[in-house]
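Below are the chains, spelled out letter by letter.
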Amino acid sequence: MPAIDRDREHTTVRRLLREHVGDVDGGIVQLAGGYFSHTFACAVDGSEYVVRLNSDDHACESFNKDDYAWKRFASPILPIPRLVATGEIDGGWYAISERVAGRTLRENSPPEQWKVLPELLDIVEAIGQSNVSSSQGYGDWDGDGHGRFSSWHAFLASTAANHPDGYYANWHHLFDDSFLERDLFDLVTRRMLELADGCPNERSLIHNDLHFDNILSDGERITGIVDWANALYGDSLYDVAWLIWQADHPGWWYDDGVEILHRRFGAAPDYDVRIACYKCHIGLDHLRFYARTDNRDWYDFCRDWLLKLLQATSHL
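Residues numbered from 1 in each chain as written. Predicted model: local features only at pLDDT ≥ 70, side-chain atom pairs only at ≥ 80, totals over all residues. Heavy atoms only, no water.

### Comments concerning the sheet that holds strand β10 (residues 215-217)
- Strand order in the open sheet formed by three strands is β6-β10-β11, with antiparallel pairing between adjacent strands. Each edge of the open sheet carries a strand with a single partner, namely β6 (103-104) and β11 (222-225).
- With two bridges joining them, β6 and β10 adopt antiparallel strand pairing. Within the sheet, the bridge partner assigned to Arg103 lies in β10 and is Ser217. (Pairing = 2+ DSSP bridges. Helix = DSSP H or I, 4+ residues; strand = E, 2+ residues; numbered from the N terminus.)

### Regarding the sheet that holds strand β7 (residues 138-141)
- Taken in spatial order, the four strands make up an open sheet running β8-β7-β12-β9, and their pairing is antiparallel. What marks the edges here is a single partner per strand, and that holds for β8 (147-149) and β9 (204-206). Taken pair by pair, the neighbouring strands of this sheet meet at an average axis angle of 30°, ignoring direction. (Axes fitted to C-alpha atoms, helices over the stretch in contact; angles between N-to-C directions.)

### Observations regarding the pairing of strand β3 (residues 47-54)
- Summarising burial for β3: six of the eight residues are buried, a large majority.
- As judged from the seven bridges shared by strand β2 (residues 38-44) and β3, these two strands associate in the antiparallel manner. Across the sheet, Ala43 pairs through a bridge with Glu48, a residue of β3.
- Once β2 ends, the chain turns through two residues before running back antiparallel as β3, passing Asp45 with a positive phi of about 50°.
- Both β3 and strand β5 (residues 92-98) contribute to a ladder of six bridges, which runs antiparallel. (Buried < 20%, exposed > 50% of the residue type's maximum accessible area, 1.4 Å probe, protein only.)

### As for the side chain of Thr12
- Within the secondary structure layout, Thr12 lies in helix α1 (residues 6-20).
- Each residue touching Thr12, except ones within four places of it in the same chain, is listed here: Leu53, Ile89 and Asp90. (Contact = heavy atoms within 4.5 Å.)

### Brief notes about the pattern of salt bridges
- Applying the stated rule across the entire model yields 21 salt bridges.
- Between Asp140 and Arg148 there is a salt bridge, with its nearest N and O atoms 2.6 Å apart.
- For Arg296, the salt bridge goes to Asp300, with nearest N and O atoms at 3.0 Å. Of this pair, Arg296 and Asp300 are both found in helix α11 (residues 296-312), four residues apart, which corresponds to roughly one turn of the helix.
- What makes Arg296 partly exposed here is its relative accessible area of 41%. (Salt bridge = Lys/Arg side-chain N within 4 Å of Asp/Glu carboxyl O.)

Structure, rendered in structure tokens:
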């Protein structure tokens, strides 16, 4: 993320909490944040809060999506921390949330991770069953909760479009300015669109970033699902495909994760076709991300993974 002056961060956090909640009781602890935000935890009048500072252009919408997700989708089975305040500050953006108990699932021990797996699978299902009737549209949605596309298929088909705004604004220059390979990208896109013919035009909530760093647990139960910046509306099996993508990366998810997910969700109609389609889409997005962030090692891993995927699903 673009640099934030670290000498000012704690002062900024104290000032923001004083404005919106009250004076900080004691110290401020920096947490392991996401790719873009600097994240801090502290207490005010005995209650715990998390403050995120982010200087990227997309941060305002990302924080607004977190707020929308809490207001519309939080439930006893889908714990989403309450957002207290968001706003602009010092050329960037901030968000203050209530802090839930526990740590990221990545910080939990393997036995603790396995203990909450049944609950996590219930949460994946609950996300897909969330009530989205108060909004409209498909694909990525904004802070008002409305998707940008007229159908799920239209969103999938937009993968190769050179969008003029957003994180990937005018990204086609990467074909010339980075190691992103146009032939590979086009090959996977064509296969994805072929498979999309077998995918339903379903409109369900999709988290689209359910990795261990966005799942909080106290070792006994899951206490929070955070970071809704990448959330979508579409086929709920997309989240399952996202988890399978992680399961194919050693150490990213549970051992035997592909089989675990198949046992829980594999009875869905056209499961194999839908999963293969969405894995293509997820892989394309990661190719583009790794090229944009100049991460050649992970780009090559993703490239090889996609080529094996195409070969393994050629019969579908």
